[in-house]
Amino acid sequence: MQVKNDKFSVGNCADAITDELTIWQNENKIISLWGRDARLWTHTDESNWMGWLDVAAEKNEISRTTTLANELRSEGINDIVLMGMGGSSLCPAMMAETFGKIANYPRLHILDSTDPLQILHLEEQINLKKTFFIVSSKSGNTLEPNIFLNYFYARLQSALNKTEVGNYFLAITDPGTALETIAKKNQFRAIFHGVPAIGGRYSALSNFGMVPSGLMGVDIKEFLNHAEIMQEACSPNVLIKDNPGVVLGVVLGICAKQGKDKVTLIVSPEIHSLGAWLEQLLAESTGKEGKGLIPVDQEAIGVPSVYDNDRVFVYIRLESAPDAEQDRSVLALEQSGFVVVRLSLPDKMYLGAELFRWEIATAVAGSVLGINAFNQPDVEESKILCLQMTNEYEKSGHLNQPTPFFSEHGIQLFTDEINQKDIANYLVGEPSVKNYLRAHLERVKKDDYVDLSAFIEMSAEHTDLLQKIRIQIRDTKKVATCLGFGPRFLHSTGQAYKGGPNTGVFLQITADHSEDIKVPSHNYTFGIVITAQAQADFSVLTKRLRRVLRIHLGNDVRGGLEQLKKFIG
């Protein structure tokens, strides 16, 4: 199957995919999608969240963004720090990593972690007096960007020895939010509004993605022009068999219904950060009601024999900078009979088109799966629980923590009573961290996936060790593996882990904080916040009867990760 330059090798799913495409053509479903007809999904509130369909053609804020970018350059601003989570940060993060430092423009940094070391190490990279800050939150009341704002507003007041520093800040938020009120009160340099009819993960082509991109020097007019071309290619004027968004969505939806729900992303190195954006879009949109796509990003490519048949491989190839090893590996997967989707991008600016294609595809896959592709019911529960815990700490100065069921050499193990009993059934030998960890992983079954949820600093060293651990697990268990850093993933893949199919086996990793930072205007620290976020996530996973084990590494994070690697190997 081929659509323009894209190729779909779908094996024994071909007949069901062809049948579904025929239904979409004969029943005019693409007209229903563009008509925002909620009956295409669950006939609830879907029509309220379809503003993203038109946003690529709306370029009203380009001139204003360009003017502000020129002002910042003339003022000698060297760095921009965007403070946000999920849909407010993942597209800017992709742009920052993909385009890097553009000549004569500030470098864009992303802060989407409450880990104290992450914040301190970011601050070490910038000169506060030459830095501009973006506070990005659709709802305007998201915990993390609000406390990031508190911290850096106070740090800037100290650095500049002045009270009024609002001119160094910009807010991106929906109209009428608490953040907008704060921005007006503190006389922020600018306020850019979101579109209320666009959910966070579909907001990449709106101000949430394009304003930070424009300020770092990306030609957002050209970027949006590519998106607009894809918008036309996915319109009702195009036959379904030639519609790149619909065909991709139908392939993913039908494959998931046939048990191939691990969407394994293989992305050209120069655009690799597209994968993190896709993780949120796919997981948060489809992972609910026990159904969904499980995105697998940044898992090193293996030989075909380490994979099972629950995979769909999506190869997103940058034609201007292809990777020969990826080409060889993907060909081997195709020749071994796996479902492989090949998507082609001429150059980096075509990411604008790719974002829109995937938004259409995700909406279509949601329809095929019979779920609401625009809500995120299971994300909110852990957010609410975390807020309750931090509010309680404000009052009492105490954070309730569970008791470990086993400790050894500074490493502690936690889980609930149900998981503890089940893990004990798989225990071989004397109780030890190594044997309990191996017993937990013995619970992995065919078509499961293993997720490493790390509430530690997202450093290159930690990432490298965790990547090696996940590949050990994949190669020994022959299952998909995921890796996320908290709290970032809570606003992304966390929805699928809690609301999607109960096929995940979770290893939550926490540690002590060697350094901590007080949050201005609050009684708690950033260390308390990330601890509460980990505990809230753990509580919701156990409430949903997920197989989860928490490993607390103590003070020596690197040493603890090295130990885990040895235990699993």
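Just so you know, these numbers come straight off a predicted model, no measurement behind them.

Undergrad: Describe the overall build of the protein, with residues and values.
TA: A tally of regular secondary structure across the protein gives 21 helices and 17 strands. Against the 2.2 N^0.38 benchmark of 25 Å for 569 residues, the protein shows a C-alpha radius of gyration of 23 Å, consistent with a compact globule. Projected onto the principal axes, the alpha-carbon positions of the protein cover approximately 65 × 65 × 45 Å. Burial analysis of the protein (569 residues in total) assigns 61% to the buried set.

Undergrad: Give a detailed account of helix 11 (residues 244-257), specifying residues and quantitative values.
TA: Relative to the 20 Å expected for 14 residues at 1.5 Å per residue, helix 11 spans 20 Å between its end C-alpha atoms, a close match to the ideal helical length. The element helix 11 is largely enclosed, with a buried count of 13 among its 14 residues. The N-cap residue of helix 11 is Asn 243: its side-chain oxygen and the backbone nitrogen of Gly 245 are 3.2 Å apart. Immediately downstream of helix 11, the backbone of Gly 259 shows phi near 90 degrees, a positive value.

Undergrad: How would you summarise helix 21 (residues 557-568) if you had to cite specific residues and measurements?
TA: Relative to the 16 Å expected for twelve residues at 1.5 Å per residue, helix 21 spans 17 Å between its end C-alpha atoms, a close match to the ideal helical length. Buried residues along helix 21 sit against helix 17 (433-441), helix 18 (460-477), strand 16 (504-510) and strand 17 (547-552).

Undergrad: I'd love a proper account of the packing of helix 11 against helix 14 (residues 351-369), names of residues and values included.
TA: Two elements in contact, helix 11 and helix 14, have axes separated by 7 Å at closest approach and are oriented at 40 degrees. Accordingly, the angle class assigned to the pair helix 11 and helix 14 is oblique. Two packed elements cross with a definite hand, and for helix 11 against helix 14 that hand is right-handed. Every residue of helix 14 that contacts helix 11 at Pro 244, Gly 245, Val 246, Leu 248, Gly 249, Val 250, Leu 252, Gly 253, Ile 254, Ala 256 and Lys 257 is listed here: Arg 357, Trp 358, Ile 360, Ala 361, Val 364, Ala 365, Val 368 and Leu 369. Partitioned by chemical class, the residues of the contact of helix 11 with helix 14 number 14 nonpolar, three polar and two charged.

Calculation notes
- Residues numbered from 1 in each chain as written.
- Predicted model: local features only at pLDDT ≥ 70, side-chain atom pairs only at ≥ 80, totals over all residues.
- Heavy atoms only, no water.
- Helix = DSSP H or I, 4+ residues; strand = E, 2+ residues; numbered from the N terminus.
- Rg over C-alpha atoms; globule rule 2.2 N^0.38 Å.
- Buried < 20%, exposed > 50% of the residue type's maximum accessible area, 1.4 Å probe, protein only.
- Expected span 1.5 Å × (residues − 1).
- Polar contact = N/O pair within 3.5 Å; in protein donor to acceptor, adjacent residues only side chain to side chain.
- Contact = heavy atoms within 4.5 Å.
- Axes fitted to C-alpha atoms, helices over the stretch in contact; angles between N-to-C directions.
- Parallel < 35°, antiparallel > 145°, perpendicular 65-115°, else oblique.
- Left-handed = near helix turned anticlockwise from the far one by under 90°.
- Nonpolar A, V, L, I, M, F, W, Y, C, P; charged D, E, K, R; others polar.

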